[in-house]
Amino acid sequence: MKQPLKSLETKLIHAGEPEPRILGAVAMPIFQSAMFQYQGETSYHDLKYIRLNNTPNHLALHRKLAALENAEAALVTGSGMAAISTSLLTVLKSGDHLLIQNSLYGGTHDFVTHDFAAFGLSYDFIEAERPETWQALLKPNTKAIYVEAMTNPLLQVADLEAVVKFARAHGLVSLIDSTFASPVNFRPLEWGFDLSLHSGTKYLNGHSDIVCGVVMGAAAWVEKITHRLNHLGGTLDPHAAYLLHRGLKTLALRVRYQNESALAIARFLARHPVVAQVNYAGLESHPGHQRARRLFSGFGGVLSFEPRGGVEAADVFLQSVRLPLIAISLGGVDTLATRPAITTHAGLSAEDRRRAGIADGLIRLSIGIEATDDLIEDFDQALNESTARGR
Ligand code: PLP
C-alpha cells in the first residue's frame with residue numbers, strides 16, 4: 001500500500017493486509033496449519049507455529065491492530081484475560097507491587113486477588129478518581145499502575161491523565177484495559193499509556209462468536225509479552241483470528257452507531273418517569289461527563305440504569321423486553337441486557353456491591369446495532385409493564 005493510511009476507517013480496511021494479496025484473495029485466507037516449513041529461523045520464537053502467534057493470520061492482525069491505536073506493535077491473544085494476565089505477569093516479577101483501580105472487570109479482580117500471591121506479587125487498590133490518595137499507597141517495590149477506560153457497570157471514568165502523569169513521575173509502567181472504549185473512542189497510547197489491553201471478544205470482533213484479546217504498546221514490551229505468551233500458551237487459533245480480522249473491518253461503523261444509539265437510549269431512560277437513575281458518561285448529569293468528553297470521541301454502547309421498584313421491577317423489565325437477549329458480555333451487534341447483581345457482580349457480597357454503588361435492581365444494557373427507535377419502543381413497553389405489575 002503506497003498511500004499513507006490516515007483515518008481509522010481506512011486503516012480498518014487496508015492496514016496490515018498482505019501486499020500483494022495472497023493469490024489475489026480480497027479477504028485474508030485462513031492459514032489452518034499448525035506449523036510451517038523451516039526457513040532458516042535462528043530463534044525459537046521465530047519458528048512458524050500457531051502457538052508462537054506468528055502465522056500469516058496473526059501477523060496481519062498485529063499490523064492492523066497496531067495501526068488503529070498508533071502503536072509500535074500489537075499482539076493478539078486467546079482471550080482478553082490472556083492479554084491481561086500475560087501482560088501483568090510480564091511487567092511484574094516476584095516481589096513487585098501493583099496499584100490497581102478498585103472497580104474492575106471481575107476476571108481481572110479475581111486474578112489479582114486470588115492468584116497474585118502465588119506469583120509472589122502484591123497489590124493495593126486505588127480510587128482512580130482521587131489521584132491525591134495514590135502517593136500514600138506507593139511502595140519502593142511498586143512497578144506498575146492498572147486502570148480501565150470505563151468501569152463496569154457504572155461507567156465511571158478514572159482520571160486517566162493523572163494516571164499517566166503519576167506513572168511517569170514514579171517510573172511505573174501504566175496499563176489500561178480499554179475494552180469499553182475501543183480504538184474508535186479512545187487510543188490510550190496517544191495519551192501516554194505504556195500498554196493498551198482489550199478483550200477483543202467485545203467491540204473489536206463485535207459479533208459475539210469468538211473470545212480473543214489484544215495487547216498494544218512499544219515494540220520492546222510487546223516482544224517480551226509475546227515471549228511470555230508463547231510459554232503460557234494463550235494463543236489465538238487461526239479461525240478465530242480470521243473472524244476477528246473480518247469483524248474489525250466494520251468496527252468504526254458499528255461503534256459510531258452504538259455511540260449514537262446508546263446516547264439516545266440513555267436520554268430516553270433519563271426522562272422516563274419509572275427510571276430512578278441512568279449511568280452513561282454521555283449524559284451531562286454523569287460525574288465523569290466532562291472528562292469523558294475530553295478523552296473520548298464517543299461514550300460507547302454500554303449503559304446501566306435502575307428502574308423504580310428495585311429488583312422486582314428490574315426482573316419484570318428483563319422478562320418483558322422482546323429485542324435484547326438476556327446475556328452477559330457486551331460490544332456485539334445484538335443488544336444484551338443483564339442484572340449485574342446476579343451475573344457479573346454476583347461474586348461480590350451484598351455489602352461490597354452496595355459500597356460500590358451497584359444496586360441489586362441495576363440493569364446493564366449493551367446496545368447493539370438494531371434500530372434505535374425499535375429499542376426505545378421495546379424498553380418503553382417493558383418499563384410500563386414493570387410499573388403495571390408493580391401496582
Ligand atoms: N476486560 C473487560 C472490561 C471485560 O468486560 C472482559 C470480559 O467481559 C474482559 C476484560 C475479559 O475478556 P475475555 O472474556 O475475552 O477473556
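Just so you know, these numbers come straight off a predicted model, no measurement behind them. (Residues numbered from 1 in each chain as written. Predicted model: local features only at pLDDT ≥ 70, side-chain atom pairs only at ≥ 80, totals over all residues. Heavy atoms only, no water.)

1. Remarks on the overall build of the protein
When you go through the protein residue by residue, the secondary structure sums to 13 helices and 12 strands. A globule of 391 residues ought to have a C-alpha radius of gyration of about 21 Å, and the protein, at 21 Å, matches this closely. Burial statistics for the protein: of 391 residues in total, 54% are counted as buried. Contacts spanning at least 24 positions in sequence make up 72% of the contacts within the protein whose residues lie at least 6 apart. Accessible area for the protein stands at about 16700 Å²; split by element, carbon and sulfur atoms hold 53% of it. The centroid of the 36 positive side-chain charges in the protein is displaced by 4 Å from the centroid of its 39 negative side-chain charges. (Helix = DSSP H or I, 4+ residues; strand = E, 2+ residues; numbered from the N terminus. Rg over C-alpha atoms; globule rule 2.2 N^0.38 Å. Buried < 20%, exposed > 50% of the residue type's maximum accessible area, 1.4 Å probe, protein only. Contact = heavy atoms within 4.5 Å. Areas by Shrake-Rupley, 256 points an atom, 1.4 Å probe, with all protein chains shown as cover. Lys, Arg positive; Asp, Glu negative; His and termini not counted. Charge placed at Lys NZ, Arg CZ, Asp CG, Glu CD.)

2. Examining the domain arrangement of the protein
For the protein, the assigned domains read domain 1 (8–248) and domain 2 (251–390). Domain 1 and domain 2 are separated by 27 Å when their C-alpha centres are compared. Opposite the 32 residues of domain 1 that make contact, domain 2 presents 37 residues. Here domain 1 meets domain 2 over a buried area of about 3000 Å², counting both sides, of which 59% is carbon and sulfur. Among the residues domain 1 hides against domain 2, the three largest losses belong to L154, N185 and Y203. Together they make up 24% of the total. At the boundary of domain 1 with domain 2, the tally comes to three salt bridges. Measuring nitrogen to oxygen at the nearest pair gives 3.8 Å for the salt bridge that ties D159 to R291. (Domains from an automatic or database assignment. Buried area = accessible area lost by both parts, 1.4 Å probe. Salt bridge = Lys/Arg side-chain N within 4 Å of Asp/Glu carboxyl O.)

3. Looking at unusual backbone geometry
The omega angle of the peptide bond from E19 to P20 is -5°, so this bond is cis rather than trans. Turning to its location among the elements, P20 is positioned in the loop between α1 (8–14) and α2 (56–68). In this model, N152 is joined to P153 through a cis peptide bond whose omega is 5°. Residue position: P153 is located in the loop between β4 (142–148) and α5 (160–169).

4. What to know about the site of the ligand
What surrounds the ligand is a group of 13 residues, the closest being M81, D177, S199, T201 and K202. Take G80: an N or O atom from its main chain is 2.9 Å from an oxygen atom of the ligand. D177 is positioned with one of its side-chain polar atoms (N or O) 2.6 Å from a nitrogen atom of the ligand. Protein burial of the ligand: of its 390 Å² of free accessible surface, 89% is covered by the chains. According to the grid-proximity analysis, the pocket containing the ligand is the second largest pocket. Here the shell around the ligand takes three residues from helix α3 (residues 80–91), the largest share from any one element. Per-class residue counts for the shell around the ligand are six nonpolar, five polar and two charged. (Near = heavy atom within 4 Å. Polar contact = N/O pair within 3.5 Å; in protein donor to acceptor, adjacent residues only side chain to side chain. 1 Å grid on protein atoms, 1.4 Å probe; cavity = no way out; pocket = protein on both sides within 12 Å on 5 of 7 lines; lining within 4 Å. Sits in = over half its atoms within 2 Å of the grid points. Nonpolar A, V, L, I, M, F, W, Y, C, P; charged D, E, K, R; others polar.)

5. Some points on helix α7 (residues 219–232)
With 14 residues, α7 extends 20 Å from end C-alpha to end C-alpha; this agrees with the ideal 20 Å at 1.5 Å per step. Of the positions making up α7, those classed as buried are V222, I225, T226, L229 and N230. In an axial view of α7, the angular spread of the buried residues amounts to 145°, which keeps them on one side of the axis. Structural note: α7 exposes A220 and H231 on the side pointing more than 90 degrees away from its buried face. Residues of α7 that are buried sit in contact with β1 (73–77), α3, β6 (195–199) and β7 (213–217). Directly after α7, the chain includes G233, whose backbone phi takes a positive value near 90°. (Expected span 1.5 Å × (residues − 1). Arc of directions from axis to C-beta.)

6. A short note on the sheet that holds β6
Pairing is mixed in the open sheet, where seven strands are placed in the order β1-β7-β6-β5-β4-β2-β3. One side of each edge strand has no neighbouring strand; the edge strands of this open sheet are β1 and β3 (122–126). The average undirected angle you get between the axes of adjacent strands in this sheet is 20°. Note: strand β5 (residues 173–177) against β6, three bridges, orientation parallel. (Pairing = 2+ DSSP bridges. Axes fitted to C-alpha atoms, helices over the stretch in contact; angles between N-to-C directions.)

7. Some details on the nonpolar core
Of all hydrophobic cores here, the largest spans 82 residues; its most connected members are L65 and L269. Ranked by residue count, the leading element in this core is helix α9 (residues 251–271), at nine residues. Domain assignment of the residues forming this core places at least three in each of domain 1 (8–248) and domain 2 (251–390). With 26 residues, the next largest nonpolar core counts A82, V91, L121 and L195 among its residues. (Core = buried A, V, L, I, M, F, W, Y, C linked by side-chain atoms within 4.5 Å.)

8. Observations concerning the pairing of β1
By the criterion of burial, β1 is predominantly enclosed, with five of the five residues buried. Every second residue of β1 is oriented toward a common face, with A73, L75 and T77 on one face and A74 and V76 on the other, all of them buried. Where β1 meets β7, five bridges bridge the pair, whose relative direction is antiparallel. Pairing of A73 across the sheet is with G217, part of β7.

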